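In case you want the letters, here they are:
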Amino acid sequence: MPDRPTQILEAAARLIARRGVRGLRVEEVSAEAGVSTALIYYHFKDRAGLLRRTLEFISRRAVRYTDPALESSDDPRTQLTDMLLLELQDIAQVRENSAAWGELRATAVFDPDLRELLADATRDWVEDLARLIDQVRTAGSAGTGTDPYAAAERLTALVEGLSERWLSGTTSLERAHELLRGAIEAELGAR
């Protein structure tokens, strides 16, 4: 059984993924989590604090299901490909995370505090991928002119866009994977 704050964050992520952020009320989160609203205010101060911590929670959760790619192979290109493909899996937790991330990103357009946290989380993701891309380049299986950070920015933006298309039903998961593999090849060169 997760601790109370984790239970609340799981409930918030579920609700955001199902119905979005704009109408989210603390009372709904408390009902979903099976806790009192007072407990939510105790742990998160206010709705904005709850949203910020939910963003951090889904970022950490994504790391848990993508990091196994680092153990799947010694080849940094394979690790990179596997890590990005793990962002697009048809399992409940990944779908929920992707939907919640998209909703929080859309809300950040209007919420400067959330925007800063989203920028930090995105920067961390880009930097992690840039390190892998640099390893691919150093190993000689990517063009020497490849800017790892710029390539990582393009690939993460593509994953976010493909995720939205997949979740909205405008692109199949198979097609999203195909497009992502093609983008990796375009960024790093053919094997």
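Refer to the preceding data block for the structure.
Trainee: Outline the overall build of the protein chain, listing residues and values.
Mentor: Counting its regular elements, the protein chain contains nine helices and zero strands. The linear arrangement of helices and strands in the protein chain, starting from the amino end, is α-α-α-α-α-α-α-α-α. Relative to the 2.2 N^0.38 estimate, which gives 16 Å for 191 residues, the radius of gyration of the protein chain is 18 Å and therefore close to what a compact globule would have. Expressed along its principal axes, the backbone C-alpha trace of the protein chain runs to roughly 55 × 35 × 30 Å. Per-residue burial for the protein chain yields a buried fraction of 46% across its 191 residues. For the protein chain, the accessible surface area stands at approximately 9,800 Å², while carbon and sulfur atoms represent 50% of it. In the protein chain, 25 side chains carry a positive charge and 32 a negative one; their mean positions are 4 Å apart.

Trainee: Please provide a residue-by-residue account of the side chain of Gln 89, values included.
Mentor: Within the secondary structure layout, Gln 89 lies in the loop between α5 (76–85) and α6 (92–108). If we ignore the near neighbours within four places in the chain, the residues touching Gln 89 are Tyr 65, Val 94, Arg 95, Trp 166 and Leu 173.

Trainee: I'd like a rundown of the nonpolar core, residues and numbers included.
Mentor: Counting 27 residues, the largest nonpolar core has Ile 8, Val 29, Ile 40, Leu 50, Ile 58 and Leu 104 as its most contacted members. Of all the secondary structure elements, the ones that give two or more residues to this core are α1 (4–19), α2 (26–33), α3 (37–44), α4 (47–66), α6 and α7 (112–138). Grouped together as the second largest cluster of nonpolar side chains are 25 residues, Leu 84, Ala 151, Leu 155 and Leu 162 included.

Trainee: Account for the layout of surface pockets, naming residues and giving values.
Mentor: In this structure, the largest pocket spans a volume of roughly 570 Å³. Lining the largest pocket are 29 residues, with Ser 59, Ala 62, Val 63, Glu 87 and Trp 125 sitting closest to its centre. Of all the elements in the fold, those that place two or more residues in the lining of the largest pocket are α4, α6, α7 and α8 (148–168). The residue inventory of the lining of the largest pocket, partitioned by class, reads 13 nonpolar, seven polar and nine charged.

Trainee: Explain the packing of α5 against α7 to me, using residue names and the numbers behind them.
Mentor: Viewed as axis vectors pointing N to C, α5 and α7 meet at an angle of 150°, and their least axial separation amounts to 8 Å. Of the possible angle classes, the one that applies to α5 and α7 is roughly antiparallel. Residue-level contacts link Pro 76, Arg 77, Gln 79, Leu 80, Met 83 and Leu 84 of α5 to Trp 125, Leu 129, Leu 132, Ile 133, Gln 135 and Val 136 of α7. Classifying every residue of the contact of α5 with α7 gives nine nonpolar, two polar and one charged.

Trainee: Describe the packing of α6 against α8, and please don't skip the residues or the numbers.
Mentor: As a packed pair, α6 and α8 sit with axes 10 Å apart at the nearest point and diverge in direction by 110°. Considering the angle they form, α6 stands roughly perpendicular to α8. For the crossing formed where α6 meets α8, the hand is left-handed. In this structure, α6 contributes Arg 95, Ser 98, Ala 99, Trp 101, Gly 102 and Arg 105 to the contact, and α8 contributes Glu 160, Ser 163, Glu 164, Trp 166 and Leu 167. Considering only residue class, the contact of α6 with α8 consists of four nonpolar, three polar and four charged.

Trainee: An account of α6 is needed here, citing residue identities and associated values.
Mentor: For α6, built from 17 residues, the straight-helix expectation of 24 Å at 1.5 Å per residue is met to within 8% by its first-to-last C-alpha distance of 24 Å. Taken together, the buried positions of α6 are occupied by Val 94, Glu 96, Asn 97, Ser 98, Ala 99, Ala 100, Trp 101, Gly 102, Leu 104, Thr 107 and Ala 108. Looking at the buried positions of α6, the neighbouring elements they touch are α1, α4, α7 and α8.

Trainee: Give a detailed account of the environment of Pro 5, specifying residues and quantitative values.
Mentor: Tracing the backbone through its elements, the reader meets Pro 5 in helix α1. A relative accessible area of 18% places Pro 5 in the buried class. Placed 34 residues apart in sequence, Pro 5 and Leu 39 show a C-alpha to C-alpha distance of 8.8 Å. Beyond its immediate stretch of four places on either side in the chain, Pro 5 contacts His 43, Phe 44 and Arg 53.

Trainee: An account of the pattern of salt bridges is needed here, citing residue identities and associated values.
Mentor: In this structure the tally under the stated criterion is 14 salt bridges. Among the salt bridges present, the one from Glu 96 reaches Arg 61, with a minimum N-O distance of 2.8 Å. Of the two residues, Glu 96 sits in helix α6 while Arg 61 sits in helix α4, which places them 35 residues apart along the sequence. Each member of the pair, Glu 96 together with Arg 61, is buried. A salt bridge links Arg 175 to Glu 178; its shortest N-O distance comes to 2.5 Å. Of this pair, Arg 175 and Glu 178 both sit in helix α9 (residues 173–188), separated by three residues, roughly a single helical turn.

Reading the values: the criteria
- Residues numbered from 1 in each chain as written.
- Predicted model: local features only at pLDDT ≥ 70, side-chain atom pairs only at ≥ 80, totals over all residues.
- Heavy atoms only, no water.
- Helix = DSSP H or I, 4+ residues; strand = E, 2+ residues; numbered from the N terminus.
- Rg over C-alpha atoms; globule rule 2.2 N^0.38 Å.
- Buried < 20%, exposed > 50% of the residue type's maximum accessible area, 1.4 Å probe, protein only.
- Areas by Shrake-Rupley, 256 points an atom, 1.4 Å probe, with all protein chains shown as cover.
- Lys, Arg positive; Asp, Glu negative; His and termini not counted.
- Charge placed at Lys NZ, Arg CZ, Asp CG, Glu CD.
- Contact = heavy atoms within 4.5 Å.
- Core = buried A, V, L, I, M, F, W, Y, C linked by side-chain atoms within 4.5 Å.
- 1 Å grid on protein atoms, 1.4 Å probe; cavity = no way out; pocket = protein on both sides within 12 Å on 5 of 7 lines; lining within 4 Å.
- Points joined across faces, edges and corners; volume = space filled by probe spheres on them.
- Nonpolar A, V, L, I, M, F, W, Y, C, P; charged D, E, K, R; others polar.
- Axes fitted to C-alpha atoms, helices over the stretch in contact; angles between N-to-C directions.
- Parallel < 35°, antiparallel > 145°, perpendicular 65-115°, else oblique.
- Left-handed = near helix turned anticlockwise from the far one by under 90°.
- Expected span 1.5 Å × (residues − 1).
- Salt bridge = Lys/Arg side-chain N within 4 Å of Asp/Glu carboxyl O.

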